[in-house]
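One letter stands for each residue in the lines below.
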Amino acid sequence: MVGLQPPEVPPTTVVKFLGAGAAACFADLLTFPLDTAKVRLQIQGENPGAQSVQYRGVLGTILTMVRTEGPRSPYSGLVAGLHRQMSFASIRIGLYDSVKQFYTPKGADHSSVAIRILAGCTTGAMAVTCAQPTDVVKVRFQAMIRLGTGGERKYKGTMDAYRTIAREEGIGGLWKGTWPNITRNAIVNCAEMVTYDIIKEKLLDSRLFTDNFPCHFVSAFGAGFCATVVASPVDVVKTRYMNAPPGRYRSPLHCMLKMVAQEGPTAFYKGFMPSFLRLGAWNVMMFVTYEQLKRVLMKVQVLRESPF
């Protein structure tokens, strides 16, 4: 690598893996209240009559939570969320390029759209398989309503939540909703990674942008919008099924059919606006940070290997 400037050095798989996890955690720290608002809106109406608090809109949901549950409530489940991103994003984003190259035939100049979709599905499924327990705990915390400062909580903390779920529902309880989550994240990963990959490639080929912040911003925003549109129905079913007590739903399909029967097809897009705000903002922050982290980490690696 002698003579190459840091931005010209192709990032290694390890750099991508670590950079994706760190960038995703940073994006989560800034957008987590939007994700919590999305979860609350998605489960609203699931158990009519049992919920005393009603949420309206993204800002209204967050303000209602702060008023009734305290200022820390929008960040309920953050620790599990960071656990999730370090294992989940590192795999689905950090390994995407490596898997894409693995599927691309030798000698091909570019990867086809089908190859990119296959790579997105593969890394998305791998990530869910590894990180599902962290997602279950995150959703449980986000959906848990605590009225007043002295309200009781089912879980004392993140590690207690892992233990309690495993004890009360079995080890399988930590992998509850794996199949709808694999479906959801295969769709999201394809929409995010493939859209970002293609938009960025087209912008660079057009020479309207260089490989810098504006290019990353436009590509990430488009990826976030596409991901929200195609994944929202599966995301709502996943959230409902993972948060439900044992016995409420026989399967994700039963959950979906019950939603349609009780609330109509519009229930699939409950929480769409916070989903879009969260995914759009999350994608912009994550991809911009990820691109910069890759350069910084490769610069550090080059300097360490330099004899001077």
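Residues numbered from 1 in each chain as written. Predicted model: local features only at pLDDT ≥ 70, side-chain atom pairs only at ≥ 80, totals over all residues. Heavy atoms only, no water.

Considering the environment of Ala 267
Operational definition: The way it works is that DSSP assigns letters per residue, a run of H or I at least four long becomes a helix, a run of E at least two long becomes a strand, and they are numbered from the N terminus. Note on exposure labels: buried denotes an accessible area under 20% of the residue type's maximum, exposed denotes more than 50%, and partly exposed covers the range between, all computed with a 1.4 Å probe on protein chains only. We call two residues in contact whenever any of their non-hydrogen atoms come within 4.5 Å of each other.
Here Ala 267 lies in the loop between helix H9 (252-263) and helix H10 (272-305). Exposure remark for Ala 267: the relative accessible area of 0% places this residue in the buried category. Considered as a pair, Ala 267 and Ile 43 are 224 residues apart in the sequence and their alpha carbons are 9.5 Å apart. Not counting residues up to four positions away in its chain, the partners in contact with Ala 267 are Val 236 and Met 259.

Topic: unusual backbone geometry
A negative phi angle characterises most non-glycine residues, just as the trans form characterises most peptide bonds. Not every positive phi belongs to a glycine, and Arg 207 is a case in point at roughly 65°. With respect to the helices, strands and loops of the structure, Arg 207 is situated in the loop between helix H7 (178-206) and helix H8 (213-243). Exposure remark for Arg 207: the relative accessible area of 76% places this residue in the exposed category.

Focus: the packing of aromatic side chains
Counted only if it meets this: Aromatic rings from Phe, Tyr and Trp, with only the six-membered ring used for Trp, were paired whenever their centres fell within 6.5 Å, and each pair was classed as stacked if the ring planes differed by under 30 degrees, edge-to-face if by over 60, and tilted otherwise.
Inspection of the entire model under this criterion finds eight aromatic pairs. Relative to Tyr 155, the ring of Phe 141 lies with its centre 5.8 Å away and its plane at 50°, an arrangement referred to as tilted. One end of the pair, Phe 141, is in helix H5 (residues 113-143); the other, Tyr 155, is in the loop between H5 and helix H6 (158-169), and 14 residues separate them in sequence. Owing to a relative accessible area of 6%, Phe 141 belongs among the buried residues under this scheme. Take Tyr 155: its relative accessible area is 4%, and that puts it in the buried class.

Focus on the confidence of the model for the chain
This is how the line gets drawn: Residue-level confidence of the predictor, termed pLDDT, takes values from 0 up to 100.
Within the chain, residue pLDDT values average 84, and 90% of them lie at 70 or more. Mean pLDDT in the chain bottoms out at H10, which sits at 84, and peaks at helix H4 (residues 96-103), which reaches 94. Within the model, pLDDT remains below 50 along residues 1-7, and this stretch shows six contacts once partners closer than five positions in the same chain are excluded. With pLDDT under 50 throughout, residues 147-151 is counted as low confidence; its partners more than four residues away or in other chains account for six contacts.

Brief notes about the pattern of salt bridges
Any two side chains of opposite charge can pair, given that their charged atoms come close. Which entries qualify depends on this criterion: By definition, a salt bridge exists where a carboxyl oxygen of Asp or Glu is found within 4 Å of a side-chain nitrogen of Lys or Arg.
Tallying each qualifying case throughout the model produces 17 salt bridges. The shortest N-O distance in the salt bridge between Lys 200 and Asp 211 comes to 3.7 Å. Taken together, the positions of Lys 200 in helix H7 and Asp 211 in the loop between H7 and H8 put the pair 11 residues apart, joining distant regions of the chain. Residue Lys 200 is classed as buried on the basis of its relative accessible area of 14%. For the salt bridge of Lys 270 with Glu 263, the shortest nitrogen-to-oxygen distance reads 2.8 Å. Residue classification places Lys 270 among the partly exposed positions, given a relative accessible area of 24%. Each of the salt bridges in this network shares a partner with another, and the network as a whole consists of Lys 16, Asp 97, Lys 100, Arg 116, Asp 197 and Glu 201.

So, the nonpolar core
Heads up, the condition is: Remark: nonpolar core denotes a set of buried residues (Ala, Val, Leu, Ile, Met, Phe, Trp, Tyr, Cys) joined through side-chain atoms within 4.5 Å.
Core analysis: the largest hydrophobic core is formed by 21 residues, its most contacted members being Ile 93, Trp 282, Met 286, Phe 287 and Tyr 290. When residues of this core are traced back to their parent elements, those giving at least two are helix H1 (13-43), H4, H7, H8 and H10. Per-element accounting of this core gives the leading share, six residues, to H10. In contact with Trp 282, other than residues within four places in its own chain, are Ala 24, Ala 27, Asp 28, Thr 31, Gln 85, Arg 92, Ile 93 and Glu 192. With 12 residues, the next largest nonpolar core counts Ala 80, Val 136, Val 137 and Ile 165 among its residues.

Quick look at the packing of H5 against H6
To be explicit about the condition: Every axis in this analysis is a line fitted to C-alpha atoms, fitted for helices over the stretch in contact. Angles between the N-to-C directions lie between 0 and 180 degrees. An angle below 35 degrees is read as roughly parallel, one above 145 as roughly antiparallel, one from 65 to 115 as roughly perpendicular, and any other as oblique. The residue classification treats Ala, Val, Leu, Ile, Met, Phe, Trp, Tyr, Cys and Pro as nonpolar and Asp, Glu, Lys and Arg as charged. All others, Gly included, are polar.
Viewed as axis vectors pointing N to C, H5 and H6 meet at an angle of 105°, and their least axial separation amounts to 10 Å. Overall, the two elements H5 and H6 adopt an arrangement that is roughly perpendicular. Facing H5, whose interface residues are Pro 133, Thr 134, Val 136, Val 137, Arg 140 and Phe 141, H6 presents Thr 158, Ala 161, Tyr 162, Ile 165 and Glu 169. Looking at the contact of H5 with H6 residue by residue, the classes come out as seven nonpolar, two polar and two charged.

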